[in-house]
Amino acid sequence: MNKKVIVTCAVTGAGDTTGKSEHVPVTPGEIAADAVAAARAGASVVHIHVRDIVTKQSSRDVALYREVVRLIKVSDVDPVINLTAGMGGDLVLDPSNPTRQLPGTDLVSGLERLAHVEELRPEICTIDMGTLNFGEGSNVYISTPDMLREGAARIQELGVKPEMEIFDTGNLWFANVLVAEGLITPPPLYQLCMGIPYGAPADPGLLQAMVNMLPAGANFTSFGIGRNQMPWVAQSVLLGGHVRVGLEDNLYLSKGVKATNVQLTERAIAIVHDLGKSVATPDEARDILQLDRKA
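So, here is what we can say about the structure in this document. What you see is a predicted model; the values in this text were computed from it and never measured.

**Quick notes on the overall build of the chain**
And then number 1: The helix and strand inventory of the chain stands at nine helices and 19 strands.
And then number 2: The C-alpha atoms of the chain give a radius of gyration of 18 Å, which matches the 19 Å a tight globule of 295 residues would have.
And then number 3: Dimensions of the chain, computed from C-alpha atoms along their principal axes, come out at roughly 55 × 45 × 40 Å.
And then number 4: A buried classification covers 51% of the 295 residues belonging to the chain.
And then number 5: For the chain, long-range pairs separated by at least 24 residues make up 71% of all intrachain contacts whose partners lie at least 6 apart in sequence.
And then number 6: Of the roughly 12400 Å² of accessible surface on the chain, a fraction of 54% belongs to carbon and sulfur atoms.
And then number 7: Seen as two clouds, the 25 positive and the 34 negative side-chain charges of the chain have centres 4 Å apart.

**Observations regarding the pattern of salt bridges**
Oppositely charged side chains can pair when the atoms bearing their charge come close.
And then number 1: Taken as a whole and assessed by the stated rule, the structure comprises 16 salt bridges.
And then number 2: Notably, a salt bridge pairs Glu 22 with Lys 258, separated by 3.4 Å at the nearest N-O pair. Of this pair, Glu 22 sits in the loop between strand 2 (7-10) and helix 1 (28-41) while Lys 258 sits in strand 18 (residues 257-258); the two residues are 236 residues apart in sequence, bridging distant segments of the chain.
And then number 3: Since its relative accessible area comes to 32%, Lys 258 is described here as partly exposed.
And then number 4: Between Arg 244 and Asp 249 there is a salt bridge, and its shortest N-O distance comes to 2.8 Å.

Basis of the calculations
- Residues numbered from 1 in each chain as written.
- Predicted model: local features only at pLDDT ≥ 70, side-chain atom pairs only at ≥ 80, totals over all residues.
- Heavy atoms only, no water.
- Helix = DSSP H or I, 4+ residues; strand = E, 2+ residues; numbered from the N terminus.
- Rg over C-alpha atoms; globule rule 2.2 N^0.38 Å.
- Buried < 20%, exposed > 50% of the residue type's maximum accessible area, 1.4 Å probe, protein only.
- Contact = heavy atoms within 4.5 Å.
- Areas by Shrake-Rupley, 256 points an atom, 1.4 Å probe, with all protein chains shown as cover.
- Lys, Arg positive; Asp, Glu negative; His and termini not counted.
- Charge placed at Lys NZ, Arg CZ, Asp CG, Glu CD.
- Salt bridge = Lys/Arg side-chain N within 4 Å of Asp/Glu carboxyl O.

What follows is the structure, encoded as structure tokens:
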């Protein structure tokens, strides 16, 4: 069991949530400010997406990532920076003509998804470990074994720690294959993502089964979306893992009460303390995950 728990705050995400809550940050300044505020509140790690300033939708613009990272680094805190590398996998198909791509498609190669990682060399970047029917409709997230092997090899060359995003048990199976093949530098870091339609449901028994599938020496974090976010903090800690909260995954502090990233971070930290654990400082998180510290 972990005595030190790493708390990640995922500050904005890629979902169409800006119209649902005024607290979801959009501009680089807003995203960085929320990341800094979460770190001041005690978050060990900040997980970063960026958004187009005009449309407020998800973006892969390297300049936006560059500015967010710059603003975090000149602040008075030094959280571990975790940049998403999941953008660029969205394929929206016409169900009556599946050879036709519909608006909303943003599909590039696995290496193109790493453009900002190549330049900025964060301590952690994510890698989504499989293809998934993503919610209702005809949106498919594409991440094939060939793409994943190529991406994992490049991330390893860059000296960045991959956080392997696990959306279902098959994703976990393949992640274990990458570890066995030596494409993931030990200790591996798994993120068990629960409750995203139609991946792994937020079921405590399934989380236990997935934890049982992890290789020896692995670190894991888990999160549940929406109303399951805070219960999942406890679930993950009790199984020996770390935790993630933030507006990427949940917009509410309680029913009808919109949350901020700081409030979600503070509540997660309170749960960790109530379970008799301490929250890892950023440097303690670096030691636990054996990160290659970036300048």
